[in-house]
Amino acid sequence: MIFRRRPKNEPAPEVEEPPESEELTSEESTDEPAAEEGAEGELDIETLDSRDWRGAGPWDITEIDLDLEPLPGRARIDLGSMIITGFGGAELRLQVAEETQQIISAMLIHGDSALELGAYAAPRSGGLWPELREEIIEAATEAGGSAALVEGPFGVELRRILPVTTPDGEQGYQPSRMWVVEGPRWLLRGIPDGQAAVLEGLEPPVSDLLTAFREVVVRRGDEAKAPGDLLPLSIPSDVEPAG
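Model, not experiment: these values are computed from the prediction.

## Describing a negative patch on the surface
Judged by side-chain charge, Glu-131, Glu-134, Glu-135, Glu-138 and Glu-142 come together as a negatively charged surface patch. With respect to the secondary-structure elements, Glu-142 resides in helix 2 (residues 128-142).

## A short note on unusual backbone geometry
Of note, the bond from Gly-57 into Pro-58 is cis; its omega dihedral lies within 30 degrees of zero at 5°. Here the residue pair Pro-204 and Pro-205 is connected by a cis peptide bond, since its omega of 5° sits within 30 degrees of zero. A positive phi angle, near 60°, is found at Gln-101, a position not held by glycine. Within the secondary structure, Gln-101 is located in the loop between strand 6 (91-96) and strand 7 (103-110). Residue Gln-101 is classed as exposed on the basis of its relative accessible area, which comes to 54%.

## What about the layout of surface pockets?
Of the voids in this model, the largest pocket is the one considered here, and its volume is about 360 Å³. At the level of elements, helix 1 (45-50), helix 2, strand 10 (155-165) and strand 11 (171-183) are the ones that each hand at least two residues to the lining of the largest pocket. Looking at which element gives the most residues to the lining of the largest pocket, the answer is strand 11, with four residues. Across the lining of the largest pocket, the residue classes tally to ten nonpolar, six polar and seven charged.

## Side note on helix 3 (residues 206-214)
Listed as buried for helix 3 are Val-206, Ser-207, Leu-209, Leu-210, Ala-212 and Phe-213. Those residues of helix 3 that are buried are in contact with strand 4 (74-78), strand 5 (82-87), strand 7, strand 8 (113-121), strand 11 and strand 12 (186-194).

## Examining the packing of aromatic side chains
By convention here, two paired aromatic rings are described through the distance between centres and the angle between planes. One pass over the full model with this rule turns up three aromatic pairs. In textbook terms, an aromatic cluster arises when at least three aromatic residues are bridged by ring pairs, as seen for Phe-154, Trp-179 and Phe-213.

## A word on the side chain of Ser-105
Relative to the helices and strands, Ser-105 resides in strand 7. Classification of Ser-105 by relative accessible area gives buried; the value is 0%. At a separation of 2.6 Å, a polar atom in the side chain of Ser-105 contacts the side chain of Gln-95. Among the polar contacts listed, one links the side chain of Ser-105 to the side chain of Glu-116, at a separation of 3.3 Å.

## Here's the deal with the sheet that holds strand 3 (residues 59-60)
Spatial ordering of the open sheet is given by 3-13-5-4, a layout of four strands whose pairing is mixed. The open sheet has two free edges, formed respectively by strand 3 and strand 4, since each of these has just one partner strand.

## What to know about the confidence of the model for the chain
With 81% of its residues at a pLDDT of 70 or more, the chain has an overall mean of 83. Mean pLDDT values for the elements of the chain range from 35 in strand 1 (residues 2-5) up to 98 in strand 13 (residues 217-218). Contacts for the low-pLDDT stretch residues 1-40, under 50 throughout, to residues beyond four places or in other chains number 162 contacts.

## Overview of the pairing of strand 5
Of all the six residues making up strand 5, six are buried; the element is thus mostly covered by neighbouring parts of the structure. Residues of strand 5 alternate between two faces, with Met-82, Ile-84 and Gly-86 on one and Ile-83, Thr-85 and Phe-87 on the opposite face, all of them buried. Sheet analysis places strand 4 next to strand 5, joined by five bridges and oriented antiparallel. By the bridge assignment, Ile-77 is partnered in strand 5 with Ile-84. Count of turn residues in the strand 4/strand 5 antiparallel hairpin: three residues, of which Gly-80 carries a positive phi of about 95°. Summarising the sheet, strand 5 and strand 13 pair through two bridges and their orientation is antiparallel. Looking at strand 13, one finds that Met-82 is bridged to Val-218.

Rules and cut-offs
- Residues numbered from 1 in each chain as written.
- Predicted model: local features only at pLDDT ≥ 70, side-chain atom pairs only at ≥ 80, totals over all residues.
- Heavy atoms only, no water.
- Patch = residues over 30% accessible without salt bridge, like charges linked within 9 Å, V, L, I, M, F, W, Y side chains within 5 Å.
- Areas by Shrake-Rupley, 256 points an atom, 1.4 Å probe, with all protein chains shown as cover.
- Salt bridge = Lys/Arg side-chain N within 4 Å of Asp/Glu carboxyl O.
- Lys, Arg positive; Asp, Glu negative; His and termini not counted.
- Charge placed at Lys NZ, Arg CZ, Asp CG, Glu CD.
- Helix = DSSP H or I, 4+ residues; strand = E, 2+ residues; numbered from the N terminus.
- Buried < 20%, exposed > 50% of the residue type's maximum accessible area, 1.4 Å probe, protein only.
- 1 Å grid on protein atoms, 1.4 Å probe; cavity = no way out; pocket = protein on both sides within 12 Å on 5 of 7 lines; lining within 4 Å.
- Points joined across faces, edges and corners; volume = space filled by probe spheres on them.
- Nonpolar A, V, L, I, M, F, W, Y, C, P; charged D, E, K, R; others polar.
- Contact = heavy atoms within 4.5 Å.
- Phe/Tyr/Trp six-rings, centres within 6.5 Å; stacked < 30°, edge-to-face > 60°.
- Polar contact = N/O pair within 3.5 Å; in protein donor to acceptor, adjacent residues only side chain to side chain.
- Pairing = 2+ DSSP bridges.
- pLDDT = per-residue confidence, 0-100.

See below:
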């Protein structure tokens with residue numbers, strides 16, 4: 001089902017709700033700046049994990065004044081645990097788990113690229129991302145693929161290559177990349193898809209999705225949740241089905 005925000009001064013992206021599902025250990029890959037290296041030329045993971053990468057966003061709900069209007073041509077969409085800022089030409093698609101009909105992630109689609117977004121509960125002390133990526137690397141290897149850690153715009157970025165079967169029944173490989181940031185008791189995951197997953201560097205369309213990721217505002221809530229639990233998403237009250 002496609003939803004469109006009721007007319008306002010600034011345009012908002014369309015919202016589509018397809019019957020698809022995604023889990024915390026999900027997808028996307030390729031590209032980024034040179035990695036921070038240790039004494040032996042390897043990625044200095046400990047140093048990257050110790051740095052705060054949220055100086056320019058993503059944001060916690062306590063860090064943002066939502067009464068301030070976004071930049072011209074952009075519009076905020078309140079999905080409950082995430083507030084996403086759409087931009088011109090982008091479409092917002094909500095992904096739903098078939099078995100529960102729960103909205104589990106949101107995807108901003110722009111041209112041949114997309115950014116899947118999901119927010120999860122995390123420990124107050126942080127450290128969830130290092131644990132998760134080890135599980136993702138192990139799963140990729142068991143599936144016959146490969147995974148590598150590189151330096152990305154938010155510290156340690158995970159890139160994978162997984163075997164897939166094409167619609168024609170042929171075997172192939174799908175590259176993927178993953179941006180992850182931890183905030184106050186939450187973790188935000190962004191998965192660039194399509195062209196943005198295979199381009200090197202941070203030029204468009206990667207830069208468009210990177211800006212969208214930085215503009216996400218997370219509303220964690222006070223409920224007790226286990227680390228890794230999905231933060232619930234909801235359809236905004238000010239959207240209506242697009243005819």
